[in-house]
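The chain contents come next:
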Amino acid sequence: MTILYRYVTREILKSFFIVLAAVLSIYLAIDFIEKIDNFMEAGIPAIRCVVYLLYKLPFIFVQIAPVGFLLSILIALGLMSKNHEVIALKSCGIGKMRLVQPTFTLGVLFCGLMFLVAEFVMPHLMDKANRIWLHEVRKKNIYATKMNDIWMRSAKQIIHISRYAPQQKRVTGITLFTFDEAFRLVQRIDARSGRFANQHWRLDNVMQQDFQDGDDVQRVTMHKQWVANIELNPDDLAQAAKRSDEMGLAELGRYIDKVEQEGYSATRYRVDYQCKIATPFVCIFLSVLGAALALRGKLREGLPVSITYGLGVAFLYWIFNGFCISLGYAEMVPPLVAAWAANLIFLCVSGFLILNAH
């Protein structure tokens, strides 16, 4: 590794750790202020809130690392450009590709790091964080396997949900068992589907069975629609059921196969699957884009301009990427195209800028 290589790498990493520490501190402080009241009301010590936030750190890291990496490149190279170091290097005959090489290498390393954290660290720790929130803070006895096979127990009810769609607040295959004081079964409700609306769960195609002495069926009633008396909040369900971005690739792939075997559409999850692969590669094109902006002399005004450029680029990327993903969810484009379109377009823009840099 040359002296120049080490110098540029050290400056970028130093800026990255400063940006990461600043963003994480702000994020955790805001989250702590929002959540501490819930912990105190539940009689949970503040240290458990700290543990809960620490479990969420890998998830937060995966979300903010690409932006932090871009800002670190723009800050480091922007300061070098302001101090005329880039001009000095060019005058010594060092080509632009030599300057891009350390940023590109860091982009590849960050891509691999994000993939490893998202695949092997984040799912396990997010599961622990969700359990603290549901079982200790919310006092909900909810157990879920992904977004299907959800069980919930209350004082006189046991509820089973075959599948939950958090975006539509819709359940499929729901069964409610109601018991008396002696824990004898007094009623069973089976419904094909249901939706949360106007603060109530409205079930469709319902079969109601009322029992006598806990075992003999006394009456069976069919309902086209039925309003269920369930103490079940959609937010609690969403917290219990793992979201796509909280699963690893292998776990999400198995879930997609299970959903399709049960006869449901898995388009949304296929888009999310491709996004989990495409997201780490953001760091690669951001490394090229940041170097291109510095080499074109756009960052000589210093730190404020570097941060403005970084936030502007990140905003444009995530707006366009969100639009492409929405098209994938709506089945207007294939999942592969929806997940990779923004990456490819911004990579082409980055390549064009670097080739035309002087």
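Going by an unreviewed UniProt entry, the protein chain carries the name LPS export ABC transporter permease LptG and comes from Desulfosarcina ovata subsp. sediminis. The UniProt entry for the protein chain carries this comment under Subcellular location (unreviewed entry): "Cell membrane".

Novice: Could you give an account of the nonpolar core, naming the residues involved and the relevant values?
Specialist: Formed by 47 residues in total, the largest nonpolar core has its most connected members in Ile-12, Phe-61, Val-62, Phe-69, Leu-77 and Ile-354. For this core, the elements supplying multiple residues, two or more each, are helix 1 (3–41), helix 3 (57–82), helix 4 (85–91), helix 5 (96–137), helix 9 (282–295), helix 10 (303–329) and helix 11 (335–355). With 13 residues, the top contributor of residues to this core is helix 3. Grouped together as the second largest cluster of nonpolar side chains are 18 residues, Ile-189, Ala-191, Phe-196 and Ala-228 included.

Novice: Run through a nonpolar patch on the surface, naming residues and quoting values.
Specialist: A cluster of nonpolar side chains, namely Phe-115, Leu-116, Phe-120 and Val-121, defines an oily patch on the protein surface of about 370 Å² accessible area. Its place among the elements puts Phe-120 in helix 5. Classification of Phe-120 by relative accessible area gives exposed; the value is 59%.

Novice: Mind laying out the UniProt feature "transmembrane region" (unreviewed entry) in the protein chain, listing which residues take part and the relevant values?
Specialist: Summarizing the sequence annotation, UniProt attributes the feature "transmembrane region" (unreviewed entry) to residues 12–30, 60–79, 99–122, 277–295, 307–330 and 336–355 in the numbering used throughout. Annotation note: span residues 12–30, helix share 100%, strand share 0%, distance between end C-alpha atoms 27 Å. Across residues 60–79, the secondary structure splits into 100% helix and 0% strand, with the terminal C-alpha atoms separated by 28 Å.

Novice: Just give me the short version of the pattern of salt bridges, but keep the residues and values in it.
Specialist: Following the criterion strictly, the structure yields ten salt bridges and no others. Across the salt bridge formed by Asp-127 and Arg-131, the nearest N and O atoms sit 3.3 Å from each other. Here the residue Asp-127 and the residue Arg-131 both occupy positions in helix 5, the gap between them amounting to four residues, near one helical turn. According to the relative accessible area criterion, Asp-127 is partly exposed, its value standing at 28%. One salt bridge connects Glu-260 with Arg-270, and the closest N-O pair in it is separated by 3.0 Å. Here Glu-260, found in helix 7 (residues 249–261), pairs with Arg-270, found in helix 8 (residues 267–278); they are ten residues apart in sequence, far enough to count as distant. For Glu-260, a relative accessible area of 36% translates into the label partly exposed. One network of salt bridges, in which partners are shared, links Asp-31, Lys-35 and Lys-56.

Novice: A description of unusual backbone geometry should follow, citing residues and the corresponding values.
Specialist: Of note in the backbone geometry, Gln-199 takes a positive phi value of approximately 65° without being a glycine. Relative to the assigned elements, Gln-199 resides in the loop between strand 5 (185–197) and strand 6 (200–212). Using a relative accessible area of 64% as the deciding quantity, one classes Gln-199 as exposed. Of note in the backbone geometry, Asn-205 takes a positive phi value of approximately 50° without being a glycine. Note that Asn-205 resides in strand 6.

Novice: Kindly report on the state of the cysteines, identifying the contributing residues and their values.
Specialist: This model, assessed by the stated rule, comprises zero disulfides. The structure places no disulfide on Cys-111, whose sulfur is separated from the nearest cysteine sulfur, that of Cys-283, by 6.6 Å.

Novice: For the side chain of Thr-267, give the residues involved together with the corresponding values.
Specialist: Mapped onto the secondary structure, Thr-267 falls in helix 8. In this view, Thr-267 contacts Gly-328, Tyr-329 and Glu-331; residues no more than four positions away in its chain are not counted.

Novice: Break down the confidence of the model for the protein chain for me, with residues and values.
Specialist: Per-residue confidence for the protein chain gives a mean pLDDT of 85; residues scoring 70 or more make up 92%. The element-level mean pLDDT for the protein chain is lowest in strand 1 (residues 141–145), coming to 63, with helix 2 (residues 46–55) highest at 94.

Novice: Requested: an account of the packing of aromatic side chains, with residues and values cited.
Specialist: Scanning the model with the defined rule gives 14 aromatic pairs in all. Taking the centre distance of 5.8 Å and the plane angle of 45° together, the rings of Phe-285 and Phe-346 count as tilted. Of this pair, Phe-285 sits in helix 9 while Phe-346 sits in helix 11, and the two are 61 residues apart along the sequence. Of the two residues, Phe-285 and Phe-346, both sit in the buried class. Members of the aromatic cluster, connected to one another through ring pairs, are Phe-16, Phe-17, Phe-69 and Phe-110.

Cut-offs used in this document
- Residues numbered from 1 in each chain as written.
- Predicted model: local features only at pLDDT ≥ 70, side-chain atom pairs only at ≥ 80, totals over all residues.
- Heavy atoms only, no water.
- UniProt positions renumbered as here; feature names shortened; annotations may be inferred.
- Core = buried A, V, L, I, M, F, W, Y, C linked by side-chain atoms within 4.5 Å.
- Buried < 20%, exposed > 50% of the residue type's maximum accessible area, 1.4 Å probe, protein only.
- Helix = DSSP H or I, 4+ residues; strand = E, 2+ residues; numbered from the N terminus.
- Patch = residues over 30% accessible without salt bridge, like charges linked within 9 Å, V, L, I, M, F, W, Y side chains within 5 Å.
- Areas by Shrake-Rupley, 256 points an atom, 1.4 Å probe, with all protein chains shown as cover.
- Salt bridge = Lys/Arg side-chain N within 4 Å of Asp/Glu carboxyl O.
- Disulfide = S-S within 2.5 Å.
- Contact = heavy atoms within 4.5 Å.
- pLDDT = per-residue confidence, 0-100.
- Phe/Tyr/Trp six-rings, centres within 6.5 Å; stacked < 30°, edge-to-face > 60°.

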